[in-house]
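Observations on the model geometry
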Amino acid sequence: MDYIKLANMLFPEELPTVEEILTCYPKRILPQKAQVTRVAPSPTGYLHIGTVYQAFINKLIAYHSGGVFFMRLEDTDCKREVQNAGDIAYNMLCYFGLKPDEGYRGNSEKQVGEYGDYIQSKRQNIYMAFAKHLVSIGKAYPCFCQVSGNKEDVLKRREEELAESDDIDGKDVCRYLTLEQVESNLSKGMPFAIRLKSEGNGEKKFKFKDEIKGEREIRENSKDIVILKSNKIPPYSLAHVVDDTLMGTTLVVRGEEWFPSLASHLELFHAFGLKPPKYAHTPVISKIDENGGKRKVSKRKDAEADARYFVEKGYPVGSVMEYLLNLINSDFEDFRRANPDKSYYEFPFKVSKIGSNNPMFDFQKLDDCSKQVIGRFSAQDIYNSLLAWAEKYDRSFYEKIAKMKDFCIKLFSIDREGKNPRKDISKWSEVENLYSYMFYTLDGKELIDYDFDCKNSPEEVISALKEYKKVFDINDDKQMWFDKIKSICPLLNFADNMKEYRQSPEKYRGNVADLSGLIRVAITTRRNTPDLYYIMQLLGKNEVEKRLDYAINLLLKKIQKI
RNA sequence: GGCCCCAUGGUCAAGCGGUUAAGACACCACCCUUUCACGGUGGUAUCAUGGGUUCGAAUCCCGUUGGGGUCACCA
């Protein structure tokens, strides 16, 4: 068979040769251990949190090795492409602090770097040239079988084939077409795809070292995989081999779902006589299903699959990244404890320490992580971040707090100065509710419900609040404030001293902590708030008195109803 | 179904042939305390299962079970 003739029949158009292309992409000049890594999302929707996770690992590797982290847009699937998804992906990566050093920069900015184009749909000639080359050396052939690419059809067909045999990778019939048959098909205008003429033997294994999984034995590829679709656009396999070669990628970090197709990628590199990069296959982030099963976080079913979810909920970037880093290298926590002020980029991250089982997404842990991160914020930072978040995601709250800057900063200062700050905020979206009692005045406010949840009767609560109102003075200092609370304890038969109360609780109706609790609930409707003294100071004399009255009246009404 | 990957508490996990099987989240108790927190101390709870190998197994090997992935002209 005259393969060069075949190649020219298939690709009559003017194309550069592979050698010419290769010389256009010079080797990168980098320090010895520098790694070139990449993030390569396909614009099929929003950015998946798993892509953030992958991108983070890639960025970390490039950063720590003094290499390059670039971005490439894998837009070779025209059917699934979603408008602006590439732009969203780029902007989200930047938002999470993962701005690529090189490559695609969204729709509005110019690409950066010498190894482009970084948008695959703009590189069609290159892929065609590579495919043609493989045909011309007898390692690829045209396939005229018309097969539906629709996912449902594929699944159905697969099921039918599986019913007959386990082995669904028999060699394609088109592999054995003669030059004349091809010519005849071509003259009828039949579309064709290009397939790799696999030389592998599925029974044979070869050694392979994965940077995460370690030494493996994998089966040779024996599938005649498609390397150019009938629309002349390559699928992932060819695009990966060509681009990561030309762009000088030294380490491909990708999800474990790619592991089964690794052998075919390796065979492709081999067919071209190219040296493959190193690979690291990472675990996939999973979650617990409604039914209790583990599964991959799915775009369709899980809101948190969309990276924007975390933005909308108001998790600070650092919180998400530290949580992810914790999944990536579980000893990150130790580092954080030892170095509370360092950037997480200073953590001595190791690819080899990435675990090999699929981590489960744990919101409790995320929240805790986030509380620690926000705990390191100053009151000013909290306010600024909250404001920026609210401006986008909660307009009415934004309008409110935009006018209350000083008040908010004072509020966020309570219990937050000093070594062990209060850790009660995990995301900006919960702040309004958490501190709701600080964001309204009683004027014009409808019924607020109180839950005193105490062992005292409503009558006792009323008299406690009345007594307190008598002595309350906004000008008191903190010591005086508390002394006054203590001073009314005896009137109510409350213990003003915890030690005494503990010794003989039966002698009292309550203690000074209980009394403080009643006042707290009356004023804030909550049992947990920051330091009550400062809350009252911020609220001011009138508001505190109004709230005390309000609570007393509410309780009176309740008694009358009974 | 074939092939591949994985298996330590509810979750994230250290562990690399000899450990009282770290640590974190969550939960509980106590301590601190002039309120809420913060912090501290302690506690409940784990090596999926059956066989080997070994003086000795969470650790090595095999089977079983369970979970995940993959088998597209999707990435």
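Here's a quick rundown of the structure. Here the residue numbers are simple positions, counted from 1 along each chain's written sequence. Each chain is given a letter, starting from A, and each ligand a number, starting from 1, according to the order in which they appear as written. Given that this is a predicted model, residues contribute local features only at a pLDDT of at least 70 and side-chain atom pairs are listed and counted only at 80 or more, while totals for whole chains, interfaces and linings are drawn from all residues. Where side-chain values are given, they derive from all heavy atoms of the structure, hydrogens and water being excluded.

1. Looking at the pairing of strand β10 (residues 278-282)
A large share of β10 lies buried, amounting to four of its five residues. DSSP calls a pair of strands paired once it identifies at least 2 bridges connecting them. Only DSSP runs of H or I with at least four residues qualify as helices, and only runs of E with at least two residues qualify as strands; both kinds are numbered from the N terminus onward. Here strand β9 (residues 251-255) runs beside β10; their pairing, made up of five bridges, is parallel. Within β10, the residue paired with R254 across the bridge is H281. Orienting the strands away from the viewer, one traces the path from the first strand over the helix to the second; a clockwise path indicates a right-handed crossover. With respect to chirality, the unit in which β9 leads through helix α9 (residues 262-272) into the neighbouring parallel β10 is right-handed. Only protein chains enter the accessibility calculation, which uses a 1.4 Å probe; a residue whose area is less than 20% of its type maximum is buried, one above 50% is exposed, and one in between is partly exposed.

2. Points about unusual backbone geometry
Between G116 and the following residue, D117, the backbone shows a cis peptide bond with an omega angle of 0°. When you line up the elements, D117 lands in the loop between β3 (102-103) and α5 (124-136). Of note in this structure, D415 is not a glycine but carries a positive phi near 65°. Structurally, the position occupied by D415 is in the loop between α16 (405-413) and α17 (431-434).

3. Quick word on helix α22 (residues 532-539)
Across the eight residues that make up α22, a large majority, six, are buried. All buried positions along α22 are accounted for by L532, Y533, I535, M536, L538 and L539. Buried residues belonging to α22 abut α16, α18 (458-471), α19 (478-487), α21 (512-524) and α23 (541-561). Identification of polar contacts relies on pairs of N or O atoms within 3.5 Å, with a donor-acceptor requirement for protein atoms, meaning one able to donate a hydrogen and the other able to accept it, and with residues adjacent in sequence counted only if both atoms are side-chain atoms. The N-capping residue of α22, defined by a side-chain oxygen 2.9 Å from the backbone nitrogen of Y533, is D531. The first or second residue beyond α22 is G540, which carries a positive phi of 90°. Contacts between residues were defined by any pair of non-hydrogen atoms, one from each residue, lying within 4.5 Å.

4. Notes on α5
Along its 13 residues, α5 runs 18 Å from first to last C-alpha, staying within 8% of the 18 Å computed at 1.5 Å per residue. Along α5, the residues classified as buried are I126, Y127, M128, A129, F130, A131, K132, L134 and V135. A helix is expected to span 1.5 Å multiplied by its residue count minus one.

5. Side note on the pairing of strand β7 (residues 214-219)
As paired elements, strand β6 (residues 205-210) and β7 share six bridges and run antiparallel to each other. Residue pairing in the sheet places F206 in a bridge with I218 of β7.

6. Things to note about a positive patch on the surface
Patch criteria: residues need more than 30% relative accessible area and no salt bridge. Like-charged residues are merged within 9 Å; nonpolar side chains of Val, Leu, Ile, Met, Phe, Trp and Tyr are merged within 5 Å. To be clear on the numbers: accessible area is Shrake-Rupley with a 1.4 Å probe, and residue cover counts the displayed protein chains and nothing else. Think of a salt bridge as a Lys or Arg side-chain nitrogen and an Asp or Glu carboxyl oxygen that are within 4 Å of each other. Only four residue types enter the charge count, namely Lys and Arg as positive and Asp and Glu as negative; His and the chain termini do not. To locate a charge, the coordinates of NZ of Lys, CZ of Arg, CG of Asp or CD of Glu are taken. Together, K27, K209, K275 and K278 give the surface a local cluster of positive charge. Within the fold, K209 resides in strand β6.

7. Let's talk about the sheet that holds β3
Spatially, the three strands line up as an open sheet ordered β1-β2-β3, and their pairing is parallel. Edge positions in the open sheet fall to β1 (36-39) and β3, since each of these has one partner strand only. In this sheet, strand β2 (residues 68-71) lies alongside β1 in parallel orientation, the contact comprising four bridges. Counterpart to R38 in the pairing with β2 is F70.

8. A word on the pattern of salt bridges
Inspection of the entire model under this criterion finds 29 salt bridges. For K213, the salt bridge identified is with E256, shortest N-O distance 2.4 Å. Pair noted here: K213 is in the loop between β6 and β7 and E256 is in the loop between β9 and α9, with a separation of 43 residues, a long-range link. A residue is classified by how much of its surface remains accessible, and K213, at 17% relative accessible area, is buried. E333 is the salt-bridge partner of K365, the closest N and O atoms lying 2.5 Å from each other. With K365 in helix α13 (residues 363-375) and E333 in helix α12 (residues 332-338), the pair connects residues that are 32 residues apart, well separated along the chain. The class of K365 is partly exposed, set by a relative accessible area of 27%. Taking relative accessible area as the criterion, E333 reaches 29% and is therefore assigned partly exposed. The structure contains a network of salt bridges with shared partners spanning R38, R72, E74, R123, D243 and D244.

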